[in-house]
Amino acid sequence: MKGELSWMFPDGYTPLFLAPQAGVSESPFRRLCRKFGADVVSTEFVSADGILQGNPQTREHLIFHEDERPISIQIFGSNPQKMGEASALVTDLFQPDFIDINFGCPVKKIVKRNGGSGCLRDLDVVEKIIRSVVRSTHLPVSTKIRSGFDEPSRDPVTIGLRCQDSGSQMVILHARTRTDMYSGQARWDEIASLTDALDVPVVGNGDVYLGADARSMKETTGCAGIMIARGSHGSPWIFSQARAALDGQPIPDDPDVLHRFEICLEHARNGSRYETNPNKALRDFRKHLGWYTKGIPGGRNLRSQLFEALSFEQVEGLLNEYLDTVLDLTDGLEAFSG
Ligand SMILES: Cc1cc2nc3c(=O)[nH]c(=O)nc-3n(C[C@H](O)[C@H](O)[C@H](O)COP(=O)(O)O)c2cc1C
């Protein structure tokens with residue numbers, strides 16, 4: 001019996017999704033976002049070829065912990081049979097809550113081999129891939145699409161309908177074409193049209209940078225769920241802000257520097273505790289460090305020290321040192337003003 005995805009959308013609840021993001025949505029960050037209210041998280045995209053070859057690097061991307069659930073594993077590839085075999089394998093070995101198929105990646109290397117958004121040039125292939133994946137797993141299957149490959153072929157409704165008809169139980173739309181890459185604005189009107197056209201839930205994605213944006217997206221599109229990628233960079237608390245906005249509650253302020261650093265420290269601790277490959281985890285963490293320290297006093301100096309750190313312990317030490325200095329300064333200022 002095929003699993004369902006309707007549990008994600010009880011009584012009109014609008015779930016918030018942390019977007020799959022290569023080099024960003026790893027276990028330590030997924031945990032943090034779950035804590036701040038992301039209802040569903042995803043692995044970054046993993047290639048069907050890598051899965052079938054038992055590539056150790058690919059395997060690292062597939063590992064998750066029970067308390068990160070609900071979680072999807074996102075796979076990509078252009079060969080329907082291999083995509084089916086890869087989904088059967090991840091189902092057996094990792095048991096995610098659902099499998100998501102990537103039809104959105106715009107990266108040249110992937111598109112050249114007809115993977116990711118490259119598939120959108122031939123919707124028959126899209127259909128074959130989905131049908132093959134659906135046949136090969138008892139888990140629910142979702143698809144993450146862009147609005148089209150390029151402007152002339154832009155037609156998210158036709159793409160979404162083909163996904164639904166092939167067995168996709170949920171369609172996530174990043175409302176840009178592959179040619180757009182990340183430029184311009186995501187066309188939320190297309191999310192609205194897709195929501196109207198499909199029976200399965202549509203998750204809107206693109207340009208939610210603030211809690212209030214989540215509410216605007218919901219109001220203007222009627223989408224069933226909201227996915228956030230770049231808005232979470234250095235701001236995992238965006239999920240609690242988005243939830244408050246959706247509930248019509250006052251939106252909590254961004255945390256101050258001290259609190260932001262505590263969150264960054266927690267992220268670092270997650271990194272040393274939960275990552276299987278500490279060197280890679282530290283490399284991945286550097287970009288988060290850059291985001292967390294953006295715009296703070298002495299940020300540039302701190303960043304250059306942090307980027308040299310060789311372990312999470314060193315990162316923690318440097319952050320604590322900075323915090324102590326800031327605390328001293330704050331105390332000093334308070335004493336002075338008092
Ligand atoms: C660093 C980075 C990595 C990404 N990796 C993936 C990926 O592995 N799979 C995927 O479907 N989309 C990926 N995306 C696209 C995002 O999931 C999302 O669709 C896009 O960023 C638009 O959402 P946003 O406006 O909230 O950022 C990536 C985006 C970024 C910024």
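Summarised in this report is the structure supplied together with it.

What counts and what doesn't
- All residue numbers here refer to positions counted from 1 along the written sequence of the relevant chain.
- Per-residue local features are limited, in this predicted model, to residues with pLDDT of at least 70; the limit for side-chain atom pairs, both in listing and counting, is 80 or more; totals at the level of whole chains, interfaces and linings are taken over all residues.
- Heavy atoms from the whole structure form the basis of all side-chain values; hydrogens and water molecules are not counted.
- What makes a nonpolar core is a set of buried Ala, Val, Leu, Ile, Met, Phe, Trp, Tyr and Cys residues whose side-chain atoms join them at distances within 4.5 Å.
- Only protein chains enter the accessibility calculation, which uses a 1.4 Å probe; a residue is then buried when its area is under 20% of its type maximum, exposed when over 50%, and partly exposed in between.
- Domain extents, as shown, originate in an automatic or database domain assignment.
- Any two residues having at least one pair of non-hydrogen atoms within 4.5 Å are treated as being in contact.
- The definitions used throughout rest on a 1 Å grid laid over the protein atoms alone, on which a cavity is an enclosed set of points accommodating a 1.4 Å probe that cannot get out and a pocket is an open set flanked by protein within 12 Å on both sides along at least five of seven lines; lining residues are those having an atom within 4 Å of a point.
- Grid points are joined across faces, edges and corners, and a volume is the space filled by probe spheres set on the points.
- Strands here are runs of E lasting at least two residues and helices are runs of H or I lasting at least four, both read from the DSSP assignment and numbered beginning at the N terminus.
- In this count, Pro and Cys sit with the nonpolar residues alongside Ala, Val, Leu, Ile, Met, Phe, Trp and Tyr, while Asp, Glu, Lys and Arg are called charged and the others, Gly among them, polar.
- Whether two aromatic rings pair depends on their centres lying within 6.5 Å, for rings of Phe, Tyr and Trp, where Trp uses its six-membered ring; planes under 30 degrees apart make the pair stacked, over 60 edge-to-face, and the rest tilted.
- In this analysis, axes come from line fits to C-alpha atoms, helices being fitted only over the stretch in contact, and the angle between any two N-to-C directions falls in the range 0 to 180 degrees.
- If an angle is under 35 degrees, it is roughly parallel; if it is over 145, roughly antiparallel; if it lies from 65 to 115, roughly perpendicular; otherwise it is oblique.

## Description of the nonpolar core
And then number 1: Ranked by internal contacts, the top residues of the largest apolar core, which has 80 residues, are F103, I226, F239 and V315.
And then number 2: In terms of domain composition, this core takes at least three residues from each of domain 1 (6-246) and domain 2 (257-337).
And then number 3: Each residue touching F239, except ones within four places of it in the same chain, is listed here: L16, F17, L18, C33, F36, G37, A38, I228 and S232.
And then number 4: Counting residues in hydrophobic clusters, the runner-up holds 13 residues, among them F98, M170, V203 and A229.

## Here we look at the layout of surface pockets
And then number 1: The space that makes up the largest pocket amounts to roughly 520 Å³.
And then number 2: Lining the largest pocket are 29 residues, and of these P20, Q21, K144, Y182 and A229 lie nearest its centre.
And then number 3: Taken together, the elements giving at least two residues each to the lining of the largest pocket come down to β5 (141-148) and β8 (225-228).
And then number 4: Among the elements that take part in the lining of the largest pocket, β5 stands out by supplying three residues, more than any other.
And then number 5: For the lining of the largest pocket, the class distribution of residues is 16 nonpolar, nine polar and four charged.

## Some points on the packing of aromatic side chains
And then number 1: Enumeration according to the criterion identifies three aromatic pairs in this entry.
And then number 2: Relative to Y322, the ring of F261 has its centre 5.1 Å away and its plane inclined at 20 degrees; by these criteria the two rings are stacked. Of this pair, F261 sits in helix α11 (residues 257-274) while Y322 sits in helix α14 (residues 312-337), placing them 61 residues apart in sequence.
And then number 3: Among the residues examined, F261 registers a relative accessible area of 0% and is labelled buried.

## A word on the packing of helix α12 (residues 278-292) against helix α13 (residues 299-308)
And then number 1: With their axes 10 Å apart at the nearest point, α12 and α13 run at an angle of 170 degrees to one another. It follows from the interaxial angle that α12 and α13 lie roughly antiparallel. For the pair α12 and α13, contact is made by R286, L289 and G290 and by R303, L306 and F307, respectively.
And then number 2: Of the residues that constitute the contact of α12 with α13, the class distribution is three nonpolar, one polar and two charged.

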